[in-house]
Amino acid sequence: MAATGSEKQGATAYYVSTPIYYVNDAPHLGHAYTTVAGDVLTRWHRQRGEKVWYLTGTDEHGQKIMRTAEANDVTPQAWCDKLVEEAWKPLWEHLNIANDDFIRTTEKRHTDRVQEFVQDLYDKGEIYKGGYEGPYCVGCEEYKLPGDLIDGEGEFAGQKLCPVHKKPVELLKEENYFFKLSEYGPKLLEFYAANPGFIQPESARNEVVNFVEQGLQDLSISRSTFDWGVPVPWDDKHVIYVWIDALLNYATAVGYGANQEKFDGTFPADVHLIGKDILRFHSVIWPAMLMAQGLPLPGKVVANGWLMVGGEKMSKSNLTGIKPQDLTSHFGVDAYRWYFLRAIAYGSDGSFSWEDFTARYTSELANDYGNLASRVAAMVGKYFGGALPEATAVGDAERAVQEGLAKAVATADQKIGEELDFQSGILAVFDFVKQVNGYITEQEPWKVAKDTTSEGQARLATILYTAAEALRGVAVLLNAVMPETSQSLWESLGAEESLGALADQKVQDAGAWGILPAGTTVTKGAVLFPRLEEKPA
Ligand code: MSP
């Protein structure tokens, strides 16, 4: 049976990928959603001390890109170069995406290997020449089955539309090369049965299994009516179908056919993060391509839901007009990274609204978390001159906080690190923040401070140590989601000096107690989540 990602041999990396995005336009909220999720997942695993490889990139061939470039009077290559350098890479940098590589499908390191891969399949008899006629959606870059189409209304009345793009499909008739995908149905079903976690969530898995059970058709893997693509090596009148080209990025970027050591230590991906729109490509075609080549199969394919606008998938054509940068300039980069993962269960659809973001920012980030951090630092400053006191009078209330932290660590590690249930993981941390707020409210350190006996001062010291140590744990737990504010909190706790870099604090050790040494210098840092300005007009 084919191996999965979990069976990688040797010194291996935890390898996570995003889809490579079409560069027909600048990135929008939907693209950023998947990319931030991948960044949080990989930062989490790095914080566990694991070796990680996080890959993203751009998909630059095909008719869709070619037409966009033509409409803008530039060559496709010039169009791609400009968008990648001026829009895509800068956004990922702005959002603090720590990807290890960025692959572009027009790079030679990719195109050469794509040709070799396809040539190999051809030599093995997996590819043959045939004819095809059918409806094609350029938006999806995919031949559609007649049964998948919907009837047009209004301006499209009488026409058949793509169900995703709601635009008329084009009837194409071409002589193409075909990959014998139909032969892989039984092997794929066997693989899904043996690896129940391969496709997530469950609804996505069921959809794919049903689809494959109905029988697969062979896949057209070349196009001959335009030339913006990788030439078919044995027949340069054809270019390789953009999806075959694109899927191979997951192999070429990690050394396929070029750097065997790197390839063996990284491939296959442990997690392919995708939107549910491209599920079949990743869970049917991609594994079949790997099976045909005798390569190991990925660990899992995890589909996120759609960010919606007006009841439809957010896309280039129905954008809200809100760019990721509009939100980050108002809420900040960290709050942006946090919001979508916090507000929407990963795998489900969700909508964005200013009102919801504003309400959650104010209550959860600014009031619950930010205020806690600034109050604790202020009290250590006021009552102990900024030197973290020792906890000498620990009782049940403190033990409950200690247990709360250990529980938050265990839950967040399982939910974020293993299940990709970002929402539950983040909630576990914020429940703990609430618990610490409740502890302070009950203990009333400002009243205890008035008790100048040594018992009174020991209580006060214990309360503030407990709160600061709890925040030490929170900074570690939120570092993957909100790296800038976690760093700021880390420094305000004096932890950078006493414990070293935040990135080096292992998440699995974060639930231990008594890590932050007494005597550490606590300072009132910058406000973590400033009060919001008026919403921009
Ligand atoms: N180029 C292909 C992918 C090739 S991967 C080998 C492609 N590109 S795309 O630019 O259309 O991006 C698709 C991905 O962007 C989705 O799968 C999803 O991850 C993300 N999203 C785009 N719009 C989205 C929403 N409205 N909501 C959530 N994610 C969205 O398909």
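Residues numbered from 1 in each chain as written. Predicted model: local features only at pLDDT ≥ 70, side-chain atom pairs only at ≥ 80, totals over all residues. Heavy atoms only, no water.

**Remarks on the sheet that holds strand 14 (residues 271–275)**
Then, number 1: Here six strands make up an open sheet; going across it, the order is 3-2-1-14-15-9 and the pairing parallel. Every interior strand has two partners, whereas the edge strands, strand 3 (101–104) and strand 9 (199–200), have only one.
Then, number 2: Relative to strand 14, strand 1 (residues 14–22) runs parallel, the two being bridged by two bridges. Paired with V16 across the strands is V271, a residue of strand 14.
Then, number 3: Against the sheet, helix 10 (residues 279–293) engages strand 9, strand 14 and strand 15 (300–304), with an angle of about 140° to strand 14. (Pairing = 2+ DSSP bridges. Helix = DSSP H or I, 4+ residues; strand = E, 2+ residues; numbered from the N terminus. Contact = heavy atoms within 4.5 Å. Axes fitted to C-alpha atoms, helices over the stretch in contact; angles between N-to-C directions.)

**A look at unusual backbone geometry**
Then, number 1: The amide bond that connects Q200 to the next residue, P201, takes the cis arrangement and shows omega of 0°.
Then, number 2: Within the element layout of this structure, P201 appears in the loop between strand 9 and helix 6 (202–213).
Then, number 3: Cis geometry is adopted by the peptide bond preceding P268, which originates at F267 and carries an omega value of -5°.
Then, number 4: With respect to the helices and strands, P268 occurs in the loop between helix 9 (260–266) and strand 14.
Then, number 5: A positive phi is found at E141, a non-glycine position, where the angle reads about 50°.

**Structural notes on the pairing of strand 3**
Then, number 1: Alternating residues of strand 3 divide into D101 and I103 and F102 and R104, and every residue in both groups is buried.
Then, number 2: Both strand 2 (residues 52–59) and strand 3 contribute to a ladder of four bridges, which runs parallel. If you follow T56 over to strand 3, its bridge partner there is F102. (Buried < 20%, exposed > 50% of the residue type's maximum accessible area, 1.4 Å probe, protein only.)

**A short note on the packing of helix 2 (residues 63–71) against helix 3 (residues 76–94)**
Then, number 1: Look at helix 2 against helix 3: their axes get within 8 Å of each other, and the N-to-C directions meet at 90°. Accordingly, the angle class assigned to the pair helix 2 and helix 3 is roughly perpendicular. Contacts between helix 2 and helix 3 involve I65, M66, T68 and A69 from the former and P76, W79 and C80 from the latter.
Then, number 2: Class assignment for the residues of the contact of helix 2 with helix 3 results in six nonpolar, one polar and no charged. (Parallel < 35°, antiparallel > 145°, perpendicular 65-115°, else oblique. Nonpolar A, V, L, I, M, F, W, Y, C, P; charged D, E, K, R; others polar.)

**Points about the domain arrangement of the protein chain**
Then, number 1: By domain assignment, the protein chain separates into domain 1 (5–305) and domain 2 (368–534).
Then, number 2: Listed by partner, the interface residues are 16 residues for domain 1 and 21 residues for domain 2.
Then, number 3: Interface area, domain 1 with domain 2, both sides summed: about 1,500 Å², of which 59% is carbon and sulfur.
Then, number 4: Together, W44, Q47 and R48 form the three largest contributors to the area buried by domain 1 at its contact with domain 2, with a combined 53%.
Then, number 5: R48 is paired through a salt bridge with D413; the nearest N and O atoms lie 2.9 Å apart.
Then, number 6: The tally of links between domain 1 and domain 2 comes to eleven residue pairs in polar contact (both at pLDDT 80 or more).
Then, number 7: Among the elements of the structure, helix 1 (29–47), strand 14 and strand 15 are those that each provide at least two residues to the side of domain 1 that touches domain 2.
Then, number 8: For the side of domain 1 that touches domain 2, the leading source of residues is helix 1, giving seven residues.
Then, number 9: Looking at side-chain class alone, the side of domain 1 that touches domain 2 contains eight nonpolar, five polar and three charged residues. (Domains from an automatic or database assignment. Buried area = accessible area lost by both parts, 1.4 Å probe. Salt bridge = Lys/Arg side-chain N within 4 Å of Asp/Glu carboxyl O. Polar contact = N/O pair within 3.5 Å; in protein donor to acceptor, adjacent residues only side chain to side chain.)

**A short note on the sheet that holds strand 12 (residues 231–232)**
Within a sheet, adjacent strands bond to each other through the backbone by hydrogen bonds, running parallel or antiparallel.
Then, number 1: If you trace the three strands from one edge of the open sheet to the other, you get 11-13-12, paired in antiparallel fashion. Strands at the two margins of the open sheet, each flanked by one partner only, are strand 11 (222–223) and strand 12.
Then, number 2: Sheet topology note: the strand 12/strand 13 (residues 235–240) ladder contains two bridges and is antiparallel. Pairing of P231 across the sheet is with V239, part of strand 13.

**Examining the environment of V448**
Then, number 1: Checked against the element boundaries, V448 lands in helix 16 (residues 445–448).
Then, number 2: In this structure V448 comes out as buried when scored by relative accessible area, which is 18%.
Then, number 3: With residues up to four places along the chain from it excluded, the contact list for V448 reads Q443, G456, R459, L460 and I463.

**What about the pattern of salt bridges?**
Between side chains of opposite charge, a pair can form as their charged atoms come close.
Then, number 1: Across all of its chains, the model carries 33 salt bridges by this definition.
Then, number 2: Between R113 and E116 there is a salt bridge whose closest N-O contact spans 3.1 Å. With R113 and E116 both in helix 4 (residues 108–123) and three residues apart, the pair spans about one turn of that helix.
Then, number 3: Residue classification places R113 among the buried positions, given a relative accessible area of 15%.
Then, number 4: By relative accessible area, which is 37% here, E116 ends up partly exposed.
Then, number 5: Notably, a salt bridge pairs E398 with R459, separated by 3.1 Å at the nearest N-O pair.

**Looking at the site of the ligand**
Then, number 1: As a matter of local geometry, the ligand sits amid 26 residues, with I20, T34, D59, L307 and M314 nearest to it.
Then, number 2: With respect to the ligand, the backbone of I20 contributes an N or O atom lying 2.8 Å from a nitrogen atom.
Then, number 3: Between the ligand and D277 there is a distance of 3.1 Å, counted from an oxygen atom to a side-chain nitrogen or oxygen.
Then, number 4: Bound to the protein, the ligand loses 96% of the 670 Å² it would expose on its own.
Then, number 5: Where the shell around the ligand is concerned, the elements lending two or more residues are strand 1, helix 1, helix 7 (242–247), helix 8 (249–252) and strand 14.
Then, number 6: Grouping the amino acids of the shell around the ligand by side-chain chemistry returns 14 nonpolar, nine polar and three charged. (Near = heavy atom within 4 Å. Areas by Shrake-Rupley, 256 points an atom, 1.4 Å probe, with all protein chains shown as cover.)

**Overview of the pairing of strand 4 (residues 127–137)**
Then, number 1: The sheet contact formed by strand 4 and strand 8 (residues 170–179) spans ten bridges and is antiparallel. In the strand pairing of strand 8, Y128 is matched with F178.
Then, number 2: As defined by bridge partners, strand 4 adjoins strand 5 (residues 142–143) across two bridges and the pair is classed as antiparallel. Within strand 5, the position partnered with Y136 by the bridge is Y143.
Then, number 3: The turn joining strand 4 and strand 5, which pair antiparallel and follow one another in sequence, is formed by four residues; a positive phi near 50° is taken by E141.

**Some words on the packing of aromatic side chains**
Then, number 1: One pass over the structure, following the stated rule, counts 36 aromatic pairs.
Then, number 2: When the ring of Y132 is compared with that of Y143, the centres are 4.5 Å apart and the planes differ by 65°; the resulting orientation is edge-to-face. Taken together, the residues Y132 in strand 4 and Y143 in strand 5 connect sequence positions eleven residues apart.
Then, number 3: Residue Y143 is classed as buried on the basis of its relative accessible area, which comes to 15%.
Then, number 4: Directly above the ring of Y136 sits R223, whose terminal nitrogen or CZ lies 4.3 Å from the centroid. (Phe/Tyr/Trp six-rings, centres within 6.5 Å; stacked < 30°, edge-to-face > 60°. Lys NZ or Arg CZ within 6 Å of the ring centre and 35° of its normal.)

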